[in-house]
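As a plain string of letters, each chain reads:
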Amino acid sequence: MNKFKAFVVKKKAFRRESTQPLIENNNDIQDGFEQAPCTKYENALVQNTLDIHEEQRLQSEEQITPEKLAGLLQVPLEDGSCCSTHRQLNAEQQHLCLVQRSVDQHFPKLPPDVDQNLHQYLDNVQKMVITEFVRLGSPLTRMGLMGSLIDCYHRETFTRLDDLLQNVRSSKNSFGLMKWVLHTYLSPEMLCHPQLQEMDPIKNVDLLLFTEWVRKAKDKLLENVENEVKVFLEKILQNERDKETVKDDLYVDTIQCIDAMIEAGRQISQKLSGRVQDVCFQELLNFLTQYTNEQTEILEKKAKVDKPEIKDFFKTLNNCKEIKQYIQRKKFKTSLLNETLAVLENMETFTVKVLKEITADMTERYLKKYFKSENKDFLLLILDLNHLFSELQGFQGVQMRVVHEAYKLITYLYLKHFIQRSKNKLLRCWSPDVGQTVNQDAEMLQETFSKLAPGVEQWHLMLLSVKELDECESFDAVKLTVARMHHEYHTWSEFMEILPALLRWKGLSKRKIMEVEDILKELPNYQPRAGSVSWFLCFYW
């Protein structure tokens, strides 16, 4: 101590006496870029400072006895481990061994059932680490051992996290575990806790250990997500096969399952959410492929019975439509998106095709009789159409599409049967005013289908044009009427193809029909109908 006081007195004297020389020496360094030679006073100052630091270090080491450190850490000095042979270890090794023993003793043991107790276990780890760091922070910092304690706890934490990773089976706990590591471990809730700011534990954390664990956890999480989604979707399919538990909204459970996984990933990171989404949508594609294959077989069988129930057709269309709209709102691999959309659209196309076949078969049976007999009770067809589409109201998502296709088809079939009967035969079977009868039927169709789907396209307008065309008294009037029909209905290709045969039904010659066709070619939006005119003309001549 006397030596230290003498050093302080000498230092003050040195500062008073050497102020000017020091300034001069600094100027020399700046001007000539050369180090000025040390004075004897400077050499003495450096040596004395080193002596003080060495003395303080030796005093500190003398104060940290194994017995004192073991008491502070609340661990036995000897426990049968390698630390028990502390006399064979140097001081630093003894200290580290006792610190590790403290970590082993205080760290919570893994629960027997990880999936049931994961959340509570992570809470216990969090509380224990903060408690120990706060309790030991000041004394171990003075001893120079706080960095070692933090490093030991960090490594032990990730050893336990590795064990947890191997035992977690559910996607929920996989997300929970990863979220705890990424959002809690390095946050103010744990290592950046306000009470730990002075010791700054983050500077003693091995971040490579952290990132390696996150990589492994991500792979394990995606594996659990894949397995869980696969099992859940298979259960949905099984319920679909079970007639007692079948639901009309398969798409609801399907979307909820996938959305829950994607949202859980988003709560951790946007990038992880994207990876989870890719895994889920791959499983969705597998599920939809199996679902559509099974539905194709089911609908084909249903279509073969005499009076098929078509609720399953509506349900299938609705499921496809809702899932398609859902995935179109997402951003993921283009190839996977296109493949999934193709599966859904093929199913929709097939379902509509079979629905149209069922509708056409029923309509044809009525129209064949209707146009060949005196039975003009068109209401029978309307009643059966109402019954056929009676359950469509429960599927508003596809209601308009189904009604649109059915209405268009029935109107086309009506016209087809109409032109196949000569005007004279219709006059004999029906009343003299054929056009009026067609108008009444057209209005009945419009009333029926507009109730099924308000706002549906008015396909009956083509039927109303029959009366107008029939009442034309001159060829010029016919040409004007046909030009107007082309302007209004040029997008209705099926009806425009029937137009030549409709003109023939009215009684126009082949030459005049060709003249009308030439006029149409000059109009905007004209679309050539290759083969259609010759087919109808050959049919009637």
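Calculation criteria
Residues numbered from 1 in each chain as written. Predicted model: local features only at pLDDT ≥ 70, side-chain atom pairs only at ≥ 80, totals over all residues. Heavy atoms only, no water. Helix = DSSP H or I, 4+ residues; strand = E, 2+ residues; numbered from the N terminus. Contact = heavy atoms within 4.5 Å. Areas by Shrake-Rupley, 256 points an atom, 1.4 Å probe, with all protein chains shown as cover. Phe/Tyr/Trp six-rings, centres within 6.5 Å; stacked < 30°, edge-to-face > 60°. Buried < 20%, exposed > 50% of the residue type's maximum accessible area, 1.4 Å probe, protein only. Lys NZ or Arg CZ within 6 Å of the ring centre and 35° of its normal. Patch = residues over 30% accessible without salt bridge, like charges linked within 9 Å, V, L, I, M, F, W, Y side chains within 5 Å. Salt bridge = Lys/Arg side-chain N within 4 Å of Asp/Glu carboxyl O. Lys, Arg positive; Asp, Glu negative; His and termini not counted. Charge placed at Lys NZ, Arg CZ, Asp CG, Glu CD. Axes fitted to C-alpha atoms, helices over the stretch in contact; angles between N-to-C directions. Parallel < 35°, antiparallel > 145°, perpendicular 65-115°, else oblique. Left-handed = near helix turned anticlockwise from the far one by under 90°. Nonpolar A, V, L, I, M, F, W, Y, C, P; charged D, E, K, R; others polar. Expected span 1.5 Å × (residues − 1). Bend = angle between axes of the 7 residues up to and from the residue. Polar contact = N/O pair within 3.5 Å; in protein donor to acceptor, adjacent residues only side chain to side chain. Core = buried A, V, L, I, M, F, W, Y, C linked by side-chain atoms within 4.5 Å. Disulfide = S-S within 2.5 Å. pLDDT = per-residue confidence, 0-100.

S.K.: Would you take a moment to explain the overall build of the protein chain for this structure?
M.R.: Regarding its fold elements, the protein chain presents 22 helices and zero strands. Long-range pairs, those at least 24 residues apart, make up 73% of the contacts in the protein chain with a sequence separation of at least 6. Looking at the protein chain as shown, the accessible area adds up to about 29,500 Å², and 51% of this sits on carbon and sulfur atoms.

S.K.: Even after reading the chapter, I still don't get the packing of aromatic side chains, so can you show me in this structure?
M.R.: Working definition: an aromatic ring pair is given by the centre-to-centre distance plus the angle between the planes. The tally for this structure, following the rule as stated, stands at 17 aromatic pairs. Considering the side-chain rings of tyrosine 370 and phenylalanine 371, the 5.3 Å spacing of their centres and the 75° angle between planes classify their relative orientation as edge-to-face. Relative accessible area serves as the criterion here: at 5%, tyrosine 370 is assigned to the buried category. The buried category is assigned to phenylalanine 371, whose relative accessible area is 2%. An aromatic cluster is built from Tyr370, Phe371, Phe378, Tyr414, Phe418 and Trp505, whose rings are joined through pairwise contacts. Across from the ring centre of phenylalanine 475, 5.1 Å away, lies the NZ or CZ of lysine 512, which sits over that ring.

S.K.: Help me out: how do you make sense of a positive patch on the surface in this one?
M.R.: On the surface, Lys368, Lys372, Lys425 and Arg428 cluster together into a patch of positive charge. Within the element layout of this structure, lysine 425 appears in helix α16 (residues 423-429).

S.K.: Could you clarify how one ought to interpret a nonpolar patch on the surface in this entry?
M.R.: The grouping of Leu379, Leu380 and Leu383 at the surface amounts to a nonpolar patch, some 260 Å² of accessible area in total. Secondary-structure assignment places leucine 380 in helix α14 (residues 379-388).

S.K.: Would you mind showing me how to read the environment of cysteine 429 here?
M.R.: Summarising the element assignment, cysteine 429 is placed in helix α16. The spatial distance from the C-alpha of cysteine 429 to the C-alpha of phenylalanine 371 is 7.8 Å, given a sequence separation of 58 residues.

S.K.: Would you take a moment to explain the packing of helix α15 (residues 396-420) against helix α20 (residues 493-506) for this structure?
M.R.: Two quantities define a packed helix pair, namely the angle between the axes and the distance from one axis to the other. The N-to-C vectors of α15 and α20 enclose an angle of 20°; their axes lie 10 Å apart at closest approach. By the angle between their axes, α15 is roughly parallel relative to α20. Taken as a pair, α15 and α20 cross one another with a handedness that is left-handed. On the side of α15, the interface is formed by Lys408, Thr411, Tyr412, Leu415, Lys416, Phe418 and Ile419, while α20 contributes Glu494, Phe495, Ile498, Ala501, Leu502 and Trp505. Grouping the amino acids of the contact of α15 with α20 by side-chain chemistry returns nine nonpolar, one polar and three charged.

S.K.: Got a minute to help me understand helix α8 (residues 171-185) in this structure?
M.R.: One full turn of an α-helix is made of 3.6 residues, so residues set three or four places apart face in the same direction. The end-to-end C-alpha distance of α8, which contains 15 residues, comes to 20 Å, matching closely the 21 Å that a straight helix rising 1.5 Å per residue would cover. Its maximal kink placed at lysine 179, α8 deviates by approximately 25°. Listed in full, the buried residues belonging to α8 are Ser171, Asn173, Ser174, Phe175, Leu177, Met178, Trp180, Val181, Thr184 and Tyr185.

S.K.: I keep staring at the side chain of serine 174 and nothing clicks. Help me out?
M.R.: With respect to the helices, strands and loops of the structure, serine 174 is situated in helix α8. Using a relative accessible area of 7% as the deciding quantity, one classes serine 174 as buried. At 2.6 Å, the side chain of serine 174 forms a polar contact with the side chain of asparagine 224. Excluding anything up to four places from it in sequence, serine 174 contacts Val168, Leu221 and Asn224.

S.K.: Is there a simple way to explain the packing of helix α11 (residues 270-303) against helix α13 (residues 334-370) in this structure?
M.R.: At their nearest, the axes of α11 and α13 sit 10 Å apart, and the two run at 15° to each other. Relative to α13, the element α11 lies roughly parallel. Where α11 crosses over α13, the handedness of that crossing is left-handed. Residues Asp278, Phe281, Gln282, Leu285, Leu288, Thr289, Thr292, Gln295, Thr296, Leu299, Glu300 and Ala303 of α11 pack against Leu336, Glu339, Thr340, Val343, Leu344, Met347, Phe350, Thr351, Val354 and Ile358 of α13.

S.K.: What is the right way to look at the nonpolar core in this model?
M.R.: Soluble, globular proteins show a tendency: their nonpolar side chains are buried together. Formed by 153 residues in total, the largest nonpolar core has its most connected members in Phe133, Phe389, Phe418 and Phe449. With 15 residues, α13 is the largest single contributor of residues to this core. With sequence-adjacent residues up to four places away left out, phenylalanine 449 is seen in contact with Leu385, Phe389, Val403, Ala406, Tyr407, Ile410 and Val456.

S.K.: Can you help me understand the pattern of salt bridges in this one?
M.R.: Side chains that carry opposite charge are capable of pairing whenever their charged atoms lie near each other. This structure, assessed with the given rule, holds 29 salt bridges. The partner of lysine 467 in a salt bridge is glutamate 471, and the shortest N-O contact between them spans 2.7 Å. Residues joined in a network through salt bridges with shared partners are Glu240, Lys302, Asp312 and Lys315.

S.K.: Please clarify how the state of the cysteines should be interpreted in this entry.
M.R.: Working definition of a disulfide: a covalent bond connecting the sulfur atoms of two cysteines. A full pass over the atoms with the stated rule returns zero disulfides. You can see cysteine 152 has no disulfide; the closest cysteine sulfur is in cysteine 97, sitting 9.7 Å from it. No disulfide involves cysteine 280; its sulfur sits 6.7 Å from the nearest other cysteine sulfur, which is in cysteine 257. You can call cysteine 280 buried: its relative accessible area is 0%.

S.K.: I'm lost on the confidence of the model for the protein chain in this one. Help?
M.R.: Should the pLDDT be low somewhere, the predicted coordinates at that spot are not to be read in detail. Taken as a whole, the protein chain shows an average pLDDT of 82; of its residues, 82% reach a score of 70 or greater. Segment residues 1-62: pLDDT under 50, and 20 contacts once partners within four positions in sequence are set aside and those in other chains are kept. Across residues 531-541 the pLDDT falls below 50, and counting only partners more than four positions away or on other chains, this stretch makes 20 contacts in the model.

S.K.: Got a minute to help me understand the side chain of aspartate 312 in this structure?
M.R.: As for its position among the elements, aspartate 312 is in helix α12 (residues 311-328). Since its relative accessible area comes to 16%, aspartate 312 is described here as buried. Side chain to side chain, aspartate 312 and lysine 302 meet in a polar contact 3.2 Å long. If we skip the residues at most four places from it in the chain, aspartate 312 touches Ile298, Leu299 and Lys302.

S.K.: Could you clarify how one ought to interpret the environment of glutamine 126 in this entry?
M.R.: The topology assignment puts glutamine 126 in helix α6 (residues 114-143). The spacing of glutamine 126 and glutamate 189 is 63 residues in sequence and 8.1 Å in space, taken between C-alpha atoms.

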